[in-house]
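What the coordinates show
Residue strings, one per chain:
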Amino acid sequence: FILSECAKMNYLHAIETQINGFDFRDSFMKSGRFLEVQFDHLTAQGSYFDQSTFANCQFNHTSLRMVDFGVTHFHDTVWRNSTMREVSFVGSTWVNVIFEDEDHFFVRFPGSLFVNTTFKRCILKKAIFRKATFVNCVFEQCDLTDAVFHNATLTNTTFIDSDLIKAANIDGAKGLPQ
């Protein structure tokens with residue numbers, strides 16, 4: 001299923017369903033609510049999601065390119081084997097989220113809040129975590145090459161086999177591991 005040609009959707013809701021092979025191009029969605037939805041092979045490009053909530057969802061083999069998520073909330077959600085390029089999650093909230101085997105390039109999370117979030121075996125090249133807040137988070141076996149943690153706050157956040165030295169900018173970050 002392909003949704004394109006500048007489609008605009010308001011108040012889209014999905015509960016306890018599986019969405020497979022959905023292609024979302026050059027479209028806009030505002031105030032979406034997704035509860036217990038499994039997204040398999042979702043593709044989005046040049047699209048904008050605003051003020052949406054994803055709870056108890058799974059994203060498997062997702063491909064996102066030049067997509068903006070404005071003030072979006074993710075709770076108890078899992079992202080696996082996804083690819084993101086030039087994606088923005090400005091001011092988003094991530095609670096009890098797992099990122100596993102993800103490949104991110106220039107993905108931006110400025111001002112985002114991460115609580116009990118795990119990044120496991122993720123490539124986070126040039127990821128921007130400027131002014132992000134991390135509470136009880138884990139980065140395990142992640143590639144942080146050229147990542148930016150400028151003015152980020154890290155409380156009880158651990159880096160396991162993830163080389164923070166490769167980050168491009170950790171200036172002003174609070175709570176960095178010693």
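Residues numbered from 1 in each chain as written. Predicted model: local features only at pLDDT ≥ 70, side-chain atom pairs only at ≥ 80, totals over all residues. Heavy atoms only, no water.

1. Digging into the overall build of the protein
Looking only at helices and strands, the protein has zero helices and 25 strands in total. Relative to a compact globule of 178 residues, whose C-alpha radius of gyration would be 16 Å, the protein shows 16 Å and is just as compact. Considering only C-alpha atoms, the protein reaches an extent of 50 × 25 × 25 Å along its principal axes. Expressed as a percentage of the 178 residues in the protein, the buried residues total 44%. Residue pairs in contact within the protein that sit at least 24 positions apart in sequence constitute 1% of those at least 6 positions apart. Carbon and sulfur atoms provide 49% of the accessible area of the protein, an area that totals close to 8,400 Å². One finds the centroid of the 16 positive side-chain charges in the protein at a distance of 6 Å from the centroid of its 20 negative side-chain charges. (Helix = DSSP H or I, 4+ residues; strand = E, 2+ residues; numbered from the N terminus. Rg over C-alpha atoms; globule rule 2.2 N^0.38 Å. Buried < 20%, exposed > 50% of the residue type's maximum accessible area, 1.4 Å probe, protein only. Contact = heavy atoms within 4.5 Å. Areas by Shrake-Rupley, 256 points an atom, 1.4 Å probe, with all protein chains shown as cover. Lys, Arg positive; Asp, Glu negative; His and termini not counted. Charge placed at Lys NZ, Arg CZ, Asp CG, Glu CD.)

2. Description of the environment of Phe54
By the element assignment, Phe54 lies in strand E9 (residues 53-55). We classify Phe54 as buried; its relative accessible area is 3%. Once the C-alpha coordinates of Phe54 and Gly32 are considered, the two residues, 22 residues apart in sequence, prove to be 8.2 Å apart. The residues contacting Phe54, other than those within four sequence positions of it, are Phe34, Phe39, Phe59, Thr72, His73, Phe74, His75 and Thr77.

3. Some remarks on the packing of aromatic side chains
Going through the model one piece at a time under the given rule, you end up with 39 aromatic pairs. Aromatic pair Phe59 and Trp79: ring centres 3.9 Å apart, planes at 5°, arrangement stacked. With a gap of 20 residues between them, Phe59 in strand E10 (residues 58-60) and Trp79 in strand E14 (residues 78-80) connect regions that are remote in the sequence. Exposure class is identical for Phe59 and Trp79. Each is buried. Judged by centre distance (5.2 Å) and plane angle (50°), the ring pair of Trp94 and Phe99 falls under tilted. Phe99 matches Trp94 in its accessibility class, with the two residues each being buried. (Phe/Tyr/Trp six-rings, centres within 6.5 Å; stacked < 30°, edge-to-face > 60°.)

4. Points about the pattern of salt bridges
A complete count under the given rule lists five salt bridges for this structure. Salt-bridge contacts for Arg80 lead to Glu100; the nearest nitrogen and oxygen are separated by 2.6 Å. Placement of the pair is Arg80 in strand E14 and Glu100 in strand E17 (residues 98-100), with a sequence separation of 20 residues. Judged by relative accessible area, which is 29%, Arg80 ranks as partly exposed. (Salt bridge = Lys/Arg side-chain N within 4 Å of Asp/Glu carboxyl O.)

5. Description of the layout of surface pockets
Roughly 220 Å³ of volume is contained in the largest pocket. Lining the largest pocket are 16 residues, and of these Leu12, Ile19, Phe22, Phe34 and Phe39 sit closest to its centre. Among the secondary structure elements, those contributing two or more residues to the lining of the largest pocket are strand E3 (13-20) and strand E6 (33-40). Counting residues per element, the lining of the largest pocket draws most heavily on E3, which supplies three residues. Of the residues assigned to the lining of the largest pocket, the class counts are 15 nonpolar, one polar and no charged. (1 Å grid on protein atoms, 1.4 Å probe; cavity = no way out; pocket = protein on both sides within 12 Å on 5 of 7 lines; lining within 4 Å. Points joined across faces, edges and corners; volume = space filled by probe spheres on them. Nonpolar A, V, L, I, M, F, W, Y, C, P; charged D, E, K, R; others polar.)

6. Brief notes about the nonpolar core
If you look at the biggest cluster of nonpolar residues, it comprises 46 residues, and the most contacted ones within it are Phe119, Phe129, Phe134, Phe139 and Phe149. With three residues, the single largest contributor to this core is E6. (Core = buried A, V, L, I, M, F, W, Y, C linked by side-chain atoms within 4.5 Å.)

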